[in-house]
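# Observations on chain architecture
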Amino acid sequence: QVQLVESGGGSVQAGGSLRLSCAASRNIAGINCMGWFRQAPGNEREGVAVINSLGGTSYADSVKGRFTISRDNAKNTLYLQMNNLKPEDTAMYYCAAVVYPCTVAAKGAFSWGQGTQVTVSS
């Protein structure tokens, strides 16, 4: 099993940027699929971005061109660079080790982080 801890959330104005980090308790090279999900109060959880073991990525339509997911296996860390943030990006963001499939439509994971809050004001 793996433990995941997110950091980097905060409050920013629209148009600003944040970089979220997810530190894993063990080598993530053996984890095929990792991703970021978010949930706002009253809304369903949605997949934001995923990355597979080969570096292939997939993004939700709402964040394409603005967010970038990456993984540094040597540092056992997953990242989400968030640029040109919008108020509708406000949510709790969760890091996850995804079970199947490795797409933003995936709804299952074998490990979740505790979440980090992102708030974007207009």
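Look up a bit, the structure's there.
Notes on the structure follow. (Residues numbered from 1 in each chain as written. Predicted model: local features only at pLDDT ≥ 70, side-chain atom pairs only at ≥ 80, totals over all residues. Heavy atoms only, no water.)

Moving on, we get to the packing of aromatic side chains. In the structure shown here, the tally under the stated rule is two aromatic pairs. Taken together, a centroid distance of 5.3 Å and an interplanar angle of 65° make the contact between Phe 37 and Trp 112 edge-to-face. With Phe 37 in strand 4 (residues 33-39) and Trp 112 in strand 10 (residues 109-112), this pair connects stretches of sequence that are 75 residues apart. Judged by centre distance (6.5 Å) and plane angle (90°), the rings of Tyr 94 and Trp 112 are edge-to-face. One end of the pair, Tyr 94, is in strand 9 (residues 91-98); the other, Trp 112, is in strand 10, with 18 residues separating them in the sequence. By way of ring pairs, the aromatic residues Phe 37, Tyr 94 and Trp 112 are connected into one cluster. Its end group placed over the ring of Phe 37, Arg 45 keeps NZ or CZ at 5.9 Å from the ring centre. (Phe/Tyr/Trp six-rings, centres within 6.5 Å; stacked < 30°, edge-to-face > 60°. Helix = DSSP H or I, 4+ residues; strand = E, 2+ residues; numbered from the N terminus. Lys NZ or Arg CZ within 6 Å of the ring centre and 35° of its normal.)

A few words on the sheet that holds strand 8 (residues 77-82). The strand order across the open sheet formed by four strands is 1-3-8-7, and the pairing between neighbours is antiparallel. In the strand order of this sheet, the two ends are held by strand 1 (4-7) and strand 7 (67-72), each with one partner. Averaged over all pairs of adjacent strands, the angle between strand axes in this sheet comes to 15°, irrespective of strand direction. Here strand 7 runs beside strand 8; their pairing, made up of six bridges, is antiparallel. Paired with Phe 67 across the two strands is Met 82, which belongs to strand 8. (Pairing = 2+ DSSP bridges. Axes fitted to C-alpha atoms, helices over the stretch in contact; angles between N-to-C directions.)

With respect to burial, strand 9 is a largely interior element, six of its eight residues being buried. Where strand 4 and strand 9 come together, six bridges link them in antiparallel fashion. Residue Gln 39 lies in a different strand from strand 9, and its bridge partner there is Met 92. Here strand 9 runs beside strand 11 (residues 116-121); their pairing, made up of three bridges, is antiparallel. Residue pairing for strand 11: Met 92 is matched across the bridge by Gln 117. In this sheet, strand 10 lies alongside strand 9 in antiparallel orientation, the contact comprising three bridges. Note that in strand 10 the partner of Ala 97 across the bridge is Ser 111. (Buried < 20%, exposed > 50% of the residue type's maximum accessible area, 1.4 Å probe, protein only.)

It is worth spelling out the pattern of salt bridges at this point. In the structure shown here, the tally under the stated rule is four salt bridges. The partner of Glu 46 in a salt bridge is Arg 38, and the shortest N-O contact between them spans 2.6 Å. The class of Glu 46 is partly exposed, set by a relative accessible area of 34%. Assessed through its relative accessible area of 4%, Arg 38 is described here as buried. As a salt-bridge pair, Asp 89 and Arg 66 come within 2.8 Å of each other at their nearest N and O atoms. (Salt bridge = Lys/Arg side-chain N within 4 Å of Asp/Glu carboxyl O.)

What follows deals with a nonpolar patch on the surface. The grouping of Val 99, Tyr 100 and Phe 110 at the surface amounts to a nonpolar patch, some 350 Å² of accessible area in total. Among the structural elements, Tyr 100 can be located in the loop between strand 9 and strand 10. Look at Tyr 100 and you get exposed, because its relative accessible area is 69%. (Patch = residues over 30% accessible without salt bridge, like charges linked within 9 Å, V, L, I, M, F, W, Y side chains within 5 Å. Areas by Shrake-Rupley, 256 points an atom, 1.4 Å probe, with all protein chains shown as cover.)

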